[in-house]
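A structural walkthrough
The residues making up each chain are set out below.
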Amino acid sequence: MKRTLRLLCLEDDEEDFMIINFTLEKSGLLTQTKRVETKAGFITALNEFDPDVILSDHALPKFSSTEALQLCLAHARQIPFILVTGAVSDEFAANCMKLGADDYILKSNMNRLPSAIQNALKHKETEKARQEAMSSLATRNEELLKINSELDSFVYNVSHNLRAPLMSVLGLLNLAKQERDPEHLHKYHAHMEKSICKLDETLREILDYSRNARQVLKIETINFKRLISETLDNLRFMNGFDKLEVRVSIDDRSPFHSDYYRMSVILNNLVSNAIKYRDHTKDRSFFDIMITFDEKMGSLVFKDNGIGIDSKLTPRIFEMFFRANTTREGSGLGLYIVKEAIEKLNGTIELDSAIGVGTTFMLEIPNHAPAAIQETTLPAPPM
Ligand code: ADP
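I will try to describe carefully the structure that is included in this document. Model, not experiment: these values are computed from the prediction. (Residues numbered from 1 in each chain as written. Predicted model: local features only at pLDDT ≥ 70, side-chain atom pairs only at ≥ 80, totals over all residues. Heavy atoms only, no water.)

This paragraph deals with the overall build of the chain. When helices and strands are counted, the chain shows nine helices and 12 strands. With the principal axes as the frame, the chain shows a C-alpha extent of 110 × 55 × 40 Å. Looking at the chain as a whole, 40% of its 383 residues are labelled buried. The long-range share in the chain, meaning contacts at least 24 apart out of those at least 6 apart in sequence, stands at 71%. Per element, the accessible surface of the chain, about 22,400 Å² overall, is 54% carbon and sulfur. One way to put it: in the chain the 47 positive side-chain charges average out to a point 5 Å from where the 55 negative ones average out. (Helix = DSSP H or I, 4+ residues; strand = E, 2+ residues; numbered from the N terminus. Buried < 20%, exposed > 50% of the residue type's maximum accessible area, 1.4 Å probe, protein only. Contact = heavy atoms within 4.5 Å. Areas by Shrake-Rupley, 256 points an atom, 1.4 Å probe, with all protein chains shown as cover. Lys, Arg positive; Asp, Glu negative; His and termini not counted. Charge placed at Lys NZ, Arg CZ, Asp CG, Glu CD.)

Right under this line is the structure:
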């Protein structure tokens with residue numbers, strides 16, 4: 001169906017306006033025209049009449065086409081601007097085009113007006129598409145630069161985190177080759193085991209990072225009791241696990257749907273941190289998991305009475321490889337992966353922490369629609 005074009009005419013001569021209307025009518029273009037002759041009228045019509053094209057006479061008693069063109073160029077929408085005027089010099093016409101007018105029509109040759117309107121509209125549309133493409137290219141470029149610099153830092157840190165335990169195992173092996181004392185050998189083996197566990201932990205984190213970035217969301221019903229019990233079961237051999245009292249409360253008012261894998265990555269990192277950053281000076285170490293949700297949102301609170309985090313460092317706590325404490329082993333990837341996984345679920349995470357008191361992480365995660373297809377990303381690498 002043909003669309004009615006709204007044409008705003010800046011014209012002080014009623015007769016010329018009539019000729020414009022006759023010409024358009026004859027051409028078969030569906031138009032609605034509005035005539036204004038003052039600056040105030042022009043500005044009001046720009047916003048209220050919301051024109052598709054502007055036709056402007058050049059010399060009006062109190063307003064000029066150059067001024068109108070400037071107002072038009074400053075407008076958020078890119079509205080084609082065509083000068084419709086009596087005789088003008090070539091120099092004047094060229095200057096108007098240079099300033100941003102789309103075309104100019106001589107009143108003595110109005111036949112060209114319909115095609116000039118259509119060409120100007122087409123040209124503006126192409127220009128708009130070009131600018132959108134340029135802006136999305138610029139955004140992509142910025143994203144790529146960020147990814148590139150993250151990748152550099154990732155490769156540097158990961159290779160360090162992989163090489164350090166490997167070098168340690170190699171050193172211990174060399175020592176062990178020359179060692180006859182079983183007690184010493186036992187000690188070396190224990191250290192080797194620790195380094196290998198560290199290596200395994202780093203590899204697990206890299207896989208979690210990669211899977212989270214690439215794997216398509218798979219929404220299913222989350223059974224929190226099962227999720228928590230599986231997480232605790234996976235961590236039961238972690239040093240200090242038996243020293244942490246885990247208390248769970250779940251208030252479920254409707255089924256909760258989310259991505260099981262990402263939820264388990266989040267839980268695994270937060271629980272293992274609560275174990276790792278226990279305060280050894282306290283008689284009891286606890287970790288409270290409080291979960292409530294309704295059909296829209298899930299609220300998950302994880303509260304420990306561990307060593308806490310220095311408030312100056314909390315703004316950087318979710319950065320890749322950032323570590324606020326080097327007295328315990330770690331890579332600084334855990335909370336970064338947690339934040340990335342939560343972002344994939346369109347959720348948020350905040351924390352409240354005080355040195356010597358403990359840390360509380362507060363998560364808000366939307367209850368997804370059960371069968372929603374969330375996104376398509378690159379296929380996950382084989383695990
Ligand atoms: P990692 O534990 O490998 O260092 P994370 O990304 O999991 O890395 O955590 C980043 C930093 O945040 C840790 O180095 C630690 O200082 C701090 N942190 C995380 N969780 C806790 C917690 N529950 N209690 C105290 N500090 C924590």
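After that view of the structure, there is still more to cover.
Counting residues in each nonpolar core, the largest one holds 37 residues, and the members touching the most others are F224, M263, I266, F302 and L363. Secondary-structure elements contributing two or more residues to this core are α7 (224–234), α8 (260–276), β9 (285–293), β10 (297–304), α9 (334–344) and β12 (358–366). Looking at which element gives the most residues to this core, the answer is α8, with eight residues. (Core = buried A, V, L, I, M, F, W, Y, C linked by side-chain atoms within 4.5 Å.)

The five strands lie next to each other as β7-β9-β10-β12-β11, forming an open sheet whose pairing is mixed. In this open sheet, the two edge strands, each paired with only one partner strand, are β7 (244–252) and β11 (348–354). Each neighbouring strand pair of the sheet contributes to a mean axis angle of 10 degrees, computed without reference to strand direction. In terms of strand pairing, β7 meets β9 through nine bridges, oriented parallel. Bridge pairing in β9 places R247 opposite D288. Those strands touched by α7 are β7, β9 and β10, and its axis lies near 165 degrees from that of β7. (Pairing = 2+ DSSP bridges. Axes fitted to C-alpha atoms, helices over the stretch in contact; angles between N-to-C directions.)

Near the ligand, the surroundings consist of 18 residues, among which K276, Y277, R323, S331 and L335 are the closest. The side chain of R323 places a nitrogen or oxygen atom 2.5 Å from an oxygen atom of the ligand. Between an oxygen atom of the ligand and a main-chain N or O atom of L335, the distance comes to 2.8 Å. Within the complex, 98% of the 530 Å² of free accessible area of the ligand lies under protein. When contributions to the shell around the ligand are tallied by element, the ones reaching two or more residues are α8 and α9. Its residues placed into classes, the shell around the ligand shows seven nonpolar, eight polar and three charged. (Near = heavy atom within 4 Å. Polar contact = N/O pair within 3.5 Å; in protein donor to acceptor, adjacent residues only side chain to side chain. Nonpolar A, V, L, I, M, F, W, Y, C, P; charged D, E, K, R; others polar.)

Moving on: helix α1 (residues 14–27). If you check α1, its first and last C-alpha atoms are 20 Å apart, about what 14 residues at 1.5 Å a residue would give, namely 20 Å. Restricting attention to buried positions, one finds in α1 the residues D16, F17, I20, T23 and L24. Projected down its long axis, α1 shows its buried positions confined to an angular sector of 120 degrees, all on one face. With respect to the buried face of α1, the exposed residues turned more than 90 degrees away are E14, E15, F22, E25 and K26. (Expected span 1.5 Å × (residues − 1). Arc of directions from axis to C-beta.)

With that settled, consider the pairing of strand β5 (residues 103–106). Every regular strand shows the same layout, with side chains that alternate between the two sheet faces. Along β5, the buried face is formed by D103 and I105; none of Y104 and L106, which line the opposite face, is buried. Sheet topology places strand β4 (residues 81–85) next to β5; four bridges connect them, and they run parallel. Bridge pairing in β5 links T85 to L106.

We now examine empty space enclosed by the protein. Summary: where empty space remains is shown by rolling a probe the size of a single water molecule over the atoms. This structure, assessed with the given rule, holds one cavity of 30 Å³ or more. By volume, the largest cavity amounts to about 30 Å³. As for the largest cavity, its lining consists of S65, T66, L69, F81, L83, C96, L99 and A101. When residues of the lining of the largest cavity are traced back to their parent elements, those giving at least two are α3 (65–74), β4 and α4 (90–99). Per-element accounting of the lining of the largest cavity gives the leading share, three residues, to α3. Of the residues contributing to the lining of the largest cavity, the split by class is six nonpolar, two polar and no charged. (1 Å grid on protein atoms, 1.4 Å probe; cavity = no way out; pocket = protein on both sides within 12 Å on 5 of 7 lines; lining within 4 Å. Points joined across faces, edges and corners; volume = space filled by probe spheres on them.)

Because each turn of an α-helix spans 3.6 residues, side chains separated by three or four positions end up pointing in the same direction. Those residues of α7 lying buried are F224, L227, I228, T231 and L232. Burial along α7 is one-sided: seen end-on, the buried residues are contained in an arc of 125 degrees. With respect to the buried face of α7, the exposed residues turned more than 90 degrees away are K225 and N234. Two or three places before K225, at the start of α7, stands the capping residue N223, its side-chain oxygen 3.1 Å from that residue's backbone nitrogen.

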